[in-house]
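For reference, the chains in residue letters:
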Amino acid sequence: MNSKKINKKDLKKLLDTWRRDFNLIVPVLENEVITMDVWDGKDTAFIDWYRNTVVPPKANFLPPGEKMISFEKKKDGIVLEIPRNGQRQIIFGVRPCDARSIAIIDDVFTETYEDTYYLSRRNNTIVIGLSCNSPYDSCFCTSLNINPVESAHVDLLFTDIGDDLLIEEITERGKGLLNMPDTIKKATKADTEKGQALKDSLAAKVTKQVNVKDMEHRLQACFNDREFWEKAAAKCIGCGICTFLCPTCFCFDINDEMLKKQGARYRSWDSCSFKAYTRMPMENPREERWRRVRQKVCHKYQFLPANLGVTACTGCGRCIRLCPVNWDITQVLAGVPQKEAARSAK
Amino acid sequence: MTVTQISQRKKYLAQDNVYLPHIVVVEKIIEETPSVRTLHFHFKDDTLNREFTFDPGQFAELSVFGVGEATFCISNSPTRQGHLECGINRVGLVTNALHRLGTGAEIGFRGPYGNSFPLDDMRGKDLVFVGGGIGLAPLRSLIWNVIDNRDKYGAIAIIYGARSAADLCFKYDLDSWKNDKTVNTAVTIDRNESGWQGKVGFVPAVLGEMAPSARNAMAVVCGPPVMIRNTFPVLEKLGFAPEQIVTTLEKKMKCGIGKCGRCNIGNLYVCRDGPVFTYAQIKNFISDEY
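Residues numbered from 1 in each chain as written. Chains lettered and ligands numbered in written order. Predicted model: local features only at pLDDT ≥ 70, side-chain atom pairs only at ≥ 80, totals over all residues.

Visitor: Just give me the short version of the overall build of chain A, but keep the residues and values in it.
Guide: Scanning chain A from N- to C-terminus turns up 12 helices and 12 strands. Its C-alpha atoms give chain A a radius of gyration of 22 Å, near enough to 20 Å, the size a compact globule of 346 residues would have. Projecting the C-alpha coordinates of chain A onto the three principal axes gives extents of approximately 70 × 70 × 35 Å. The buried share among the 346 residues of chain A stands at 43%. For chain A, the proportion of contacts with a sequence separation of at least 24, taken over those separated by at least 6, is 74%. (Helix = DSSP H or I, 4+ residues; strand = E, 2+ residues; numbered from the N terminus. Rg over C-alpha atoms; globule rule 2.2 N^0.38 Å. Buried ≥ 20, exposed ≤ 12 C-beta atoms within 10 Å, placed from the backbone. Contact = placed C-beta atoms within 7 Å.)

Encoded structure:
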């Protein structure tokens, strides 16, 4: 693989260049919450303070709320209009776990029917990865076979190797962004060796581990073990934050608004943590909280693997560190019996 | 329905956007019961009126702009098209709004979505249709389809019930089927009423009394969940294997295309993998959440 490098001090120059042609999204700290948002062009200090965002990058493709259709009642009937999305953008600083999450959601929004709204943003986005130098205690990406220095699903991967950032060219699209001979140099053998060494040393920093081997079938075997799920759901308060901030959770709601003759249809994030998510006028298949917790865990580790062949979890740890009651999915997963030991279905 | 067949349906997408509804115009309203009405409507775009087709059992998302979207099966038969029909039970926000509409109103339509009743498997067989309440809506699409191709099928029995005579939907269909000598129709209400000439009792019990033969037969069941759950054991007792029993399920839906997440039963989405399932499939559902 071709590797290049840039001095950290020159990063601003590079981002300034990109900003001319693209909407440039970087980690931004606003009201004590880190999100991926438009770069203000001031500095690149985030490269040193940034660990990972609170709001995952899915928000850049599937925003928390978006207008799908505007409508207007006119004399000769209803007129519908679709908003135009799809400004060319670069997201810089996506951690390897989150890069994987984008690939997972891509599958969901392209299978069978294509989701125009998601894809209009996604297809116009260049994803630039940034290796993860300081994983949190709650991170368990390595259990999902993700290395903190991982080049999958990004166009370029940047790795902090001290004074310089090592750049791995992954796609042609990414390569095309590096045409700045005065600031971007060829990486030396020593540089690439530093990057290689980080692969091992950073992976060792991810101390939280969970054995997810055969999890799809293990969950299948204990799916009807109500006692297990009641215990798993015991302290959950059903606030939904783990799903809203999960990089692979994609469920959404669709609602209308109308003021006199004009209105719009909106889509917004929704969560299987809420009763209203499945409530019908006559009944609700997931009225009890343990059913909703079971849905959340099994959707990630059983249903999506069955449907699309991927586990919908990246071990990013957000659902653990941002949970107000310290619910921990790894504890639930660790408790799922090995298949042969699974308690009999009730 | 396979994915290939689904992609053929994509030709009905508005501007290649699966969420953008087509405008349809309400042309006729039939008040079926105090809480159920049938809307007859056609596309504003006449090309679609000529080209649009669907299979019995498929559903659509209807929208009242400014109120929202909800899921309804297309209740007329593709053999009797010219317009589309949906039966609307007034239970929530959107259905209440649909009940306030008059003829000429413009609403949104996306579809057809989902799989359909297994007409190929039903060919040459005796058919038993078991319906309750508004559950006749998807069944009537299938029943008219079968009647319009009468020589392709064996004996037809229809068992339909509602809480009271006033709650019977599609009475005009029930009358035609009663007058059709090639169809054995039984209509029942939960409790007797003065002047009532049909049967009295719950649908599963009446089905048990009528005891249609399971030999070379298929049963199609649609109604409220409690009726569906109680009908399966009666059919099994009559000798129907789970593969011979077909039903269509209802869940809260938003997108209708397997993305928004909520209508799943285990790894299956009712909107994308259903809504039509055999009892054999349901028995294998990992979850009792149906």
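Visitor: Outline the overall build of chain B, listing residues and values.
Guide: Looking only at helices and strands, chain B features 10 helices and 15 strands. The C-alpha atoms of chain B give 18 Å as radius of gyration, which agrees with the globular expectation for 290 residues (19 Å, within 12%). Considered along the principal axes of its C-alpha atoms, chain B spans approximately 50 × 45 × 35 Å. Across the 290 residues of chain B, 49% fall into the buried class.

Visitor: So what's going on with the packing of helix H7 (residues 215-222) of chain A against helix H10 (residues 289-308) of chain A? Which residues, and what values?
Guide: Residues and elements named next belong to chain A. For the pair H7 and H10, interaxial distance at closest approach is 9 Å and the crossing angle is 110°. If you check the angle between H7 and H10, you find them roughly perpendicular. Our pair here, H7 against H10, has a crossing hand that is left-handed. Residues Met-215, Glu-216, Leu-219 and Gln-220 of H7 touch H10, and the partners they reach there are Cys-298, Tyr-301, Gln-302, Pro-305 and Ala-306. (Axes fitted to C-alpha atoms, helices over the stretch in contact; angles between N-to-C directions. Parallel < 35°, antiparallel > 145°, perpendicular 65-115°, else oblique. Left-handed = near helix turned anticlockwise from the far one by under 90°.)

Visitor: I'd like to hear about the sheet that holds strand S9 (residues 183-189) of chain B, residue by residue, with values.
Guide: All names here are of chain B. If you walk across this open sheet you meet the seven strands as S10-S9-S8-S7-S11-S12-S15, and the pairing is mixed. Of all strands in the sheet, those bounded by a partner on one side alone are strand S10 (199-200) and strand S15 (276-278). By the bridge criterion, seven bridges tie strand S8 (residues 156-162) to S9 in an arrangement that is parallel. Of the residues in S9, the one forming a bridge with Ile-156 is Val-183. Against the sheet, helix H5 (residues 136-147) touches strand S7 (126-132), S8, strand S11 (217-222) and strand S12 (245-248), its axis set at about 155° to S7. (Pairing = 2+ DSSP bridges.)

Visitor: Report on the domain arrangement of chain A, specifying residues and quantitative values.
Guide: All names here are of chain A. Entries for chain A in the domain assignment read domain 1 (3-205) and domain 2 (215-341). A C-alpha centroid distance of 26 Å is found between domain 1 and domain 2. Opposite the 34 residues of domain 1 that make contact, domain 2 presents 27 residues. Residue assignment for the side of domain 1 that touches domain 2 shows that the elements contributing at least two residues are strand S4 (65-74) and helix H3 (96-110). For the side of domain 1 that touches domain 2, the element with the most residues is S4, which contributes nine residues. (Domains from an automatic or database assignment.)

Visitor: Go over the domain arrangement of chain B, please, and point to the residues and values.
Guide: Residues and elements named next belong to chain B. For chain B, the assigned domains are domain 1 (3-113) and domain 2 (119-248). Each of domain 1 and domain 2 has a C-alpha centre, and the two are 25 Å apart. Between domain 1 and domain 2, the residue contacts involve 16 residues of the former and 14 residues of the latter. Taken together, the residues that form the side of domain 1 that touches domain 2 break down as six nonpolar, eight polar and two charged. (Nonpolar A, V, L, I, M, F, W, Y, C, P; charged D, E, K, R; others polar.)

Visitor: Let's hear about the sheet that holds strand S4 (residues 68-73) of chain B: which residues, and what values?
Guide: Strand pairing within a sheet occurs via backbone hydrogen bonds; the two strands may be parallel or antiparallel. Residues and elements named next belong to chain B. Ordered in space as S4-S3-S6-S1-S2-S5, the six strands form an open sheet in which the pairing is antiparallel. In this open sheet, the two strands that pair with only one neighbour each are S4 and strand S5 (84-89). Recorded for the sheet is a direction-independent mean angle of 40° between the axes of neighbouring strands. Inspection of the sheet shows strand S3 (residues 59-64) paired to strand S6 (residues 106-113) by four bridges, in the antiparallel sense. Looking across to S6, one finds that Glu-61 is bridged to Arg-110. With respect to the sheet, helix H3 (residues 93-100) is in contact with strand S2 (36-43), S3, S4 and S5, its orientation differing from that of S4 by roughly 85°.

Visitor: How would you explain the environment of Arg286(A) if you had to name every residue and give the values?
Guide: Within the secondary structure layout, Arg286(A) lies in the loop between strand S12 (262-269) and H10. Here Arg286(A) falls in the buried class, since 21 other C-beta atoms lie within 10 Å of it. On a C-alpha basis, the gap between Arg286(A) and Ser273(A) in space is 9.5 Å, while along the polypeptide they are 13 residues apart. Arg286(A) has contacts with Thr278(A), Arg291(A), Arg292(A), Gln295(A) and Glu289(B), leaving out every residue within four places of it along the chain.

Visitor: Give a description of the pairing of S5(B) that names residues and reports values.
Guide: Residue and element names in this part refer to chain B. Here S5 lies mainly inside the structure; six of its six residues are buried. Residues Leu-84, Cys-86 and Ile-88 point to one face of S5 and Glu-85, Gly-87 and Asn-89 to the other, with burial holding for every one of them. Pairing of S2 with S5 involves six bridges; the strand directions are antiparallel. Across the sheet, residue Phe-41 finds its bridge partner in S5, namely Leu-84.

Visitor: Which residues make up H3(B), and what values do they have?
Guide: All names here are of chain B. Three or more residues of H3 are buried, namely Val-94, Thr-95, Ala-97 and Leu-98. Angularly, the buried residues of H3 cover 160° about the axis, an arc narrow enough to put them on a single face. Where H3 is buried, its residues meet S2, S3, S4 and S5. (Arc of directions from axis to C-beta.)

Visitor: Can you break down unusual backbone geometry residue by residue, with the values?
Guide: Residues and elements named next belong to chain B. The omega torsion across Gly-111 and Pro-112 is 0°, close enough to zero to call that bond cis. With respect to the helices and strands, Pro-112 occurs in strand S6. With an omega dihedral of 10°, the bond running from Gly-274 to Pro-275 counts as a cis peptide bond. When you line up the elements, Pro-275 lands in the loop between helix H9 (270-273) and S15. Positive phi outside glycine occurs at Phe-170, with the angle close to 50°. Of note, Phe-170 is situated in the loop between S8 and helix H6 (171-179). The backbone of Asn-216 sits at a positive phi, close to 50°, despite the residue not being glycine. Of note, Asn-216 is situated in the loop between helix H7 (203-210) and S11.

Visitor: With reference to specific residues and values, describe the environment of Ile189(B).
Guide: Residues and elements named next belong to chain B. Along the polypeptide, Ile-189 turns up in strand S9. As a C-alpha pair, Ile-189 and Val-130 span 59 residues in sequence and 14 Å in three-dimensional space. Among all residues touching Ile-189, those that are not within four sequence positions of it are Gly-161, Ala-162, Arg-163, Ser-164, Ala-165, Trp-196, Gly-198 and Val-200.

Visitor: Describe the interface of chain A and chain B, listing the residues and the values that go with them.
Guide: Each partner contributes to the interface: chain A provides 38 residues, whereas chain B provides 34 residues. Elements supplying a minimum of two residues to the side of chain A that touches chain B: S4, strand S5 (77-81), H3, strand S11 (252-259) and H10 of chain A. At seven residues, S11(A) tops the list of elements feeding residues into the side of chain A that touches chain B. Residues that form the side of chain A that touches chain B fall into these classes: 21 nonpolar, nine polar and eight charged.

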